[in-house]
Each structure stands twice: as C-alpha cells, then as structure tokens.
2 protein chains.
Amino acid sequence: MTGRDGGAPLVPIPGSPVVILVRPQLADNIGSVARAMGNGGLFHLRLVAPRDGWPQERAWRMASGADRILEGATVHDTVADAVADLQRVFATCPRPRHIVKPVLTARAAAQDVRVAAATGLRCGILFGPERAGLDNDDMAEADTLVRYSLNPEFMSLNLAQAVMVMAYEWWTAGDDTPAREFVTHETEIATKGSLDGFLDHLVAELDACGFLRNLAKRPGMVRSIRHLFQRGEATEQEVRTLHGIVAGLSLGRMRRGRPEAVPEDDMAPGVVEEA
Amino acid sequence: MTGRDGGAPLVPIPGSPVVILVRPQLADNIGSVARAMGNGGLFHLRLVAPRDGWPQERAWRMASGADRILEGATVHDTVADAVADLQRVFATCPRPRHIVKPVLTARAAAQDVRVAAATGLRCGILFGPERAGLDNDDMAEADTLVRYSLNPEFMSLNLAQAVMVMAYEWWTAGDDTPAREFVTHETEIATKGSLDGFLDHLVAELDACGFLRNLAKRPGMVRSIRHLFQRGEATEQEVRTLHGIVAGLSLGRMRRGRPEAVPEDDMAPGVVEEA
C-alpha cells in the first residue's frame, strides 16, 4: 500500500490501458476496482453514468490507499464519449452472441494491449454493470471482446474481481521476473562436493553407531540416504547445519557414556538468523 | 451463479487444491473467497483459527451462491492440523526473507499443482490473514512459496483478490479454449472472391457517380479502398450487407432524380438479427 508501507505513491505507467466502468452500481465496487487497478499497475479510470453519482465517499473507503486513481477518475454520459480519444477498445463479456468480432482470452488481450501501446495506440477496456454486464450497444463500441478463462458453472464474477484478473494479466504480460526461483539470501546452493562431504560424515557416524552394521544391506541403505539428501537441494549453510546435527547427535550419544562439553563449533553453526 | 442463472450446482473438481485461510479476520472476506473459488473451479476450503469464529452469516451473504463451498469448509486450530493430510503445500507471501525454499509465480505454481495432482498428490495453498500475511512458522509448513506478479508499489492485495488470482491461474492452467477466436455464429469469414465481388460493385457505382472521375488518381484510390476492406475481416453476411448499402445509396441518389420504390432485395439484406 502507498502510505502505509512506505511505497511510492501511485503514478500512471506509460501505455497502461484506461479502465472504463459502464453504469457501475455500487460505490464500494468502484473503490475495490481502484485498489485492484493499483495492484496491477493501472491508473486511468473512467465512469460512464455511475448509478449513484460521483464522487462517493464509500469508494475511497474501499480503495485501501488507491486514492489517486479515484481522484483522477472522469465521469462520462455515454460509452461513446468515454472512448472518444481511444484507438483500441476491448469489451469484457462472458458470452458474446450474434456478434462478429475477435474474442480473446484475458491473457491474449493483455498481450495485445502491450503490443498496441508499444506502437503508440491508446487502449481502453470496458467493464459492464454488476448485474447485467455490457449490453449490445456497449459492445458495438469495442473492436475486440475479452472472454475470461473461468468456471462456466459459476460465472458470478464480482466487478472488482473482473478488473483484478485483467490488471493482473496486464502486469504479468510486462513482467520478466523468473517463473521459478530459489531464495537463498545469505548463502548459495551447495556444491555436490559439499553434499558428498556431509554424506561421508553421516555415513561414518552411522557406521560408528552400528546403524549400518548389516553389511549386505549397507550399500542400498547408503544409496537411499544419498538420494534423499540429493532431492532437498540444500544450501551450503544447510550442509553446515547438517554436519552440526550429526556431530551433535553423535556427541550426545557419547556423552551418555562420558559426559563432556560439546565443542561450540559443532552446535548447528549454520542456522540462519531470522529477520 | 448457481441457482440464479441455471448453472449446475458447484461440485468438487478432481485434483483441485485445498484453499487454506490462515487466521482470517473478516467473515465478508471468507464469503468473497468462496465466490472467487467458485469462479476458478476450486471447492475445498479450510479455515485456521478464524478470528470471529465460524460459521458467520456475513460470509454466506458475500458468497453470491457459492454456499456449498462454505458449507463444506472445515475449521482447524493450527496450520499443521490443516495440512496434515496434504502432500504438497504452497504458501502465498509477498516478500519471503531468509527462507530457503523454491519461489514460484502464481502461474508456475498453478501449473505445478496441476502436475502434482495428475500424479495423485493432494495439494493445498496457504493464504495469510488480511493485515499481516503468513508468518515465518506458517511458511515453514509449506514446501513452496508463491509470489504474485503484481505492482510492487501497491501490494495491498485484498484476501479474496489473492485467492481469485490463484483460482484463475489454476483454472487457466487446465483450460484449452483458444486464446483467439472470431465469433461468427450465423455466417463465416468472407472468401476473397466474395470480397472482390463487393469491391467490383462498389467501384462500379463510384465510377457511375463520378467519385473516381480523376483518372490519374483512380488506381491509387481503388487500392486504398481495397486495403481498407481487406483489413476488416468481413463475413459473408457483412459482404451482403455492404452490397445492400452501396445499392441503397446508389438508388437513393437516382431516386432524387426519378422517385421509385427501392427493391426489397437491396435493403441491407445481411444485417444479423440480435437475440
């Protein structure tokens, strides 16, 4: 959130499409839409004939700090007026019938908006009123229809949720952070050599304590242990922790015979301090 | 919606992951979560220590008919209890720190859930409480973290929106409807021959009315008109409509000289009746 967690205030991102709410009914929903727009990096909001007039205090209460989006919203009498300066208009609608127009998934539409904006075109996306959705005249103002990939058995999609999906897809279409990462802030993934060093340590202690005394089964058991630790993708720090655990358990066993201080170096040295 | 628009009642879809809300605060949000789950085809809901107890009438009011999801929800004292029968657990969290674990985007996580479920694994997804999100102990119950691709300047994501994005990604990961379609219910895209037939008709009438009388410019003008109509991807029915429009305009012009009835065949015969 903007003020609350110290983020920068919301600003328009070049090329972000205009969100056009057609005859929205509830001010709460308009506020939730603004919040969803902020989540997805959208900024420009236009309202066509909002049922209860505009502005509405309830919208601000639901916007969770996306005030700038609400403050910048413009009100229009007709869809034609709201799209007059735009060059590409998308209309979200669940089941287009008898309309001859391209129908894209939200994902493909988001990609199209990115491509169009990159060539300098001003884009907008129409969202219909809560109950009825866009009517046929509204859809005739658009050049492309957008269909959501969602459960056809339960299509009761909240207005802010509809905007959320579109905003999320728009942000994702321009996002190049990797799909899969492995977070290792203070350390890095262990080399196979480090892991082998630990496994040698572990097997030596297991030999010493008698856990591997069945020599016929020993090779298979060692392999199983090796497989288990290979799967976990341990970090160098975790390998140090594992050394410490094995040393600690072994010393503990010995201490039950002859009590003496555990050397400090063996006390799980690699456990990461939490922030 | 289930009852309201005649869809089938919500049923569990095999392999759909369990949604686990950890210490949710507002019953309204739990209801909105159920609705979002229905939208994305999810069904199994678990609540860990809901702040205001359970059940709560307000949840049903916000669920827009996703009652079965709320009725099937189970309540648990701890995260450990809520995930005890699961085999893969994902945790949604905005900024993991000091945690050594795979971090996936919501999209990659949804694909992983699909793959895991296909091999028979039971999956669950943890969502933290409204203000604080999941704490470090909660995340330690998961094997994978999920990071949303959203605007880092405005991370105030509503709980139901967080579930919506994940449910949407899960549904989309299993959806094979094409990304781009062209809806032509009663007709099909015109052949180039049909379009040429119309362009010949148009050019003949433009010659007759004198619009193309500048013979030096005529070839370029004809090409421009041809380019414009090629771009529009007209259907056979729209080509018939265009024939009718040209005939109507030509006859109208002639009628100003000698009034006579327009033949009914030329009255925009191809306009699609709306449902």
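These numbers come from a predicted model, not from an experiment.

Conventions and cut-offs
- Residues numbered from 1 in each chain as written.
- Chains lettered and ligands numbered in written order.
- Predicted model: local features only at pLDDT ≥ 70, side-chain atom pairs only at ≥ 80, totals over all residues.
- Heavy atoms only, no water.
- Helix = DSSP H or I, 4+ residues; strand = E, 2+ residues; numbered from the N terminus.
- Buried < 20%, exposed > 50% of the residue type's maximum accessible area, 1.4 Å probe, protein only.
- Areas by Shrake-Rupley, 256 points an atom, 1.4 Å probe, with all protein chains shown as cover.
- Contact = heavy atoms within 4.5 Å.
- Phe/Tyr/Trp six-rings, centres within 6.5 Å; stacked < 30°, edge-to-face > 60°.
- Lys NZ or Arg CZ within 6 Å of the ring centre and 35° of its normal.
- Axes fitted to C-alpha atoms, helices over the stretch in contact; angles between N-to-C directions.
- Parallel < 35°, antiparallel > 145°, perpendicular 65-115°, else oblique.
- Left-handed = near helix turned anticlockwise from the far one by under 90°.
- Nonpolar A, V, L, I, M, F, W, Y, C, P; charged D, E, K, R; others polar.
- Pairing = 2+ DSSP bridges.
- Domains from an automatic or database assignment.

1. So, the overall build of chain A
What chain A contains, in helices and strands, is 10 helices and eight strands. Burial analysis of chain A (275 residues in total) assigns 45% to the buried set. Working note: accessible area of chain A is about 13600 Å², and carbon and sulfur atoms make up 53% of it.

2. Regarding the side chain of Asn 29 of chain A
Relative to the elements of secondary structure, Asn 29 of chain A occurs in helix α1 (residues 27–39). Here Asn 29 of chain A is in contact with Glu 130, Asn 158, Leu 159 and Ala 160 of chain A, once residues within four sequence places are set aside.

3. As for the packing of aromatic side chains
The full count for this structure, using the stated rule, is four aromatic pairs over all chains. With 5.2 Å between their ring centres and 70° between their planes, Phe 198 of chain B and Phe 229 of chain B make a pair best called edge-to-face. Note that Phe 198 of chain B is positioned in helix α8 (residues 192–209) and Phe 229 of chain B in helix α9 (residues 218–231), a separation of 31 residues in sequence. A cation over a ring is seen here: Arg 114 of chain A above Trp 170 of chain A, with NZ or CZ 3.7 Å from the ring centre.

4. Examining the environment of Gly 31 of chain B
All names here are of chain B. Counting through the fold element by element, Gly 31 comes out in helix α1 (residues 27–39). Judged by relative accessible area, which is 0%, Gly 31 ranks as buried. For the pair formed by Gly 31 and Ala 190, sequence separation is 159 residues and the distance between their alpha carbons is 48 Å. Excluding residues that lie within four positions of it along the chain, Gly 31 makes contacts with Ala 59, Met 62 and Ala 63.

5. Points about the packing of helix α7 (residues 159–173) of chain A against helix α7 (residues 159–173) of chain B
One way to put it is that α7 of chain A packs onto α7 of chain B with a least axis distance of 10 Å and a crossing angle of 60°. The angle between the axes of α7 of chain A and α7 of chain B places the two elements in the oblique class. Between α7 of chain A and α7 of chain B the crossing geometry is right-handed. Contacts from Ala 160, Gln 161, Met 164, Val 165, Tyr 168 and Glu 169 of chain A in α7 of chain A reach Ala 160, Gln 161, Met 164, Val 165, Tyr 168 and Glu 169 of chain B in α7 of chain B. Tallied by class, the residues present in the contact of α7 of chain A with α7 of chain B amount to eight nonpolar, two polar and two charged.

6. Here we look at unusual backbone geometry
A cis geometry characterises the amide bond from Trp 54 of chain A onward to Pro 55 of chain A, with omega recorded as 5°. For Ser 64 of chain A, which is not glycine, the phi torsion reads 50° and is therefore positive. Locating Ser 64 of chain A in the fold gives a position in the loop between α2 (57–62) and α3 (67–71). Phi is positive for Ala 49 of chain B, which is not a glycine, with a value near 45°. Structurally, Ala 49 of chain B can be placed in the loop between β2 (45–48) and α2 (57–62).

7. Some points on the pairing of strand β5 (residues 102–105) of chain A
One ladder, built from three bridges, connects β5 of chain A with strand β8 (residues 180–182) of chain B; its direction is antiparallel. Residue Val 103 of chain A lies in a different strand from β8 of chain B, and its bridge partner there is Glu 181 of chain B.

8. Quick look at the environment of Gly 53 of chain A
Summarising the element assignment, Gly 53 of chain A is placed in the loop between β2 (45–48) and α2. A C-alpha to C-alpha distance of 9.9 Å links Gly 53 of chain A and Leu 26 of chain A, two positions 27 residues apart in sequence.

9. Some thoughts on the domain arrangement of chain A
Domain annotation for chain A reports domain 1 (18–173) and domain 2 (192–266). For domain 1 of chain A and domain 2 of chain A, the distance between their C-alpha centres works out to 59 Å.

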